[in-house]
Amino acid sequence: PRQSKKKKTTFKIKRTMAHHLKYKNYYGSVNFNKHDRVLFGEIIGIKDLVTYEAKNIEELIKHFEESVEDYLKMCQTLKKAPDKFLRNFNKINK
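Source: prediction; values computed, not measured. (Residues numbered from 1 in each chain as written. Predicted model: local features only at pLDDT ≥ 70, side-chain atom pairs only at ≥ 80, totals over all residues. Heavy atoms only, no water.)

**Student:** Could you clarify how one ought to interpret the packing of aromatic side chains in this entry?
**Tutor:** Ring pairs (aromatic) are described by centroid distance and by the angle formed between their planes. Throughout the structure, instances matching the rule amount to three aromatic pairs. Between Y27 and F85, the aromatic rings sit 4.7 Å apart at their centres with planes inclined by 50°, giving tilted as the arrangement. Residue Y27 is found in strand 2 (residues 26–28), and its partner F85 is found in the segment after helix 1 (57–77); the two are separated by 58 residues along the sequence. Residue Y27 is classed as buried on the basis of its relative accessible area, which comes to 14%. (Phe/Tyr/Trp six-rings, centres within 6.5 Å; stacked < 30°, edge-to-face > 60°. Helix = DSSP H or I, 4+ residues; strand = E, 2+ residues; numbered from the N terminus. Buried < 20%, exposed > 50% of the residue type's maximum accessible area, 1.4 Å probe, protein only.)

This is the structure:
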């Protein structure tokens, strides 16, 4: 009998900014830690490190937006210009 060859299927997934949170022209990543059962992320496309975490997606969105506000307030307090989103920032294409 003739054996059929299984066709190998490959999918290319292009990550776009649609996979991230957005608030005031800042983008945030969305990640999940299976062990700790927590969602977490960071503002991407800036040089400063700003992180957030939550137990559910609604909370994560809220904490992301609060983190952006806190970041902007901190920059104002330090009299530092906040980083603007860098379109070709390497963390986006991970």
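**Student:** Please clarify how the pairing of strand 5 (residues 51–54) should be interpreted in this entry.
**Tutor:** If a strand is regular, its side chains alternate between the two faces of the sheet. With burial as the criterion, only one face of strand 5 is covered, namely that bearing Y52 and A54; the residues T51 and E53 on the opposite face remain uncovered. Summarising the sheet, strand 4 (residues 38–44) and strand 5 pair through four bridges and their orientation is antiparallel. Opposite L39, over in strand 5, you have A54 as the bridge partner. Remark: six residues form the turn of the hairpin made by strand 4 and strand 5, two consecutive strands paired antiparallel; G45 in that turn has positive phi of roughly 90°. (Pairing = 2+ DSSP bridges.)

**Student:** Help me out: how do you make sense of the nonpolar core in this one?
**Tutor:** The tendency in soluble globular proteins is for nonpolar side chains to be buried side by side. Among the nonpolar cores identified, the biggest contains 13 residues, and Y26, I43, I46, Y52, L60, F64 and Y71 are the most heavily contacted of them. The set of elements that each furnish at least two residues to this core consists of strand 4, strand 5 and helix 1. A total of five residues in this core trace back to one element, the largest contributor, which is helix 1. Not counting residues within four places of it along the chain, the set of residues in contact with Y52 comprises L21, G28, S29, F40, G41, E42, I43, L60, H63, F64 and S67. (Core = buried A, V, L, I, M, F, W, Y, C linked by side-chain atoms within 4.5 Å. Contact = heavy atoms within 4.5 Å.)

Shape is all these values report; function is a separate question.
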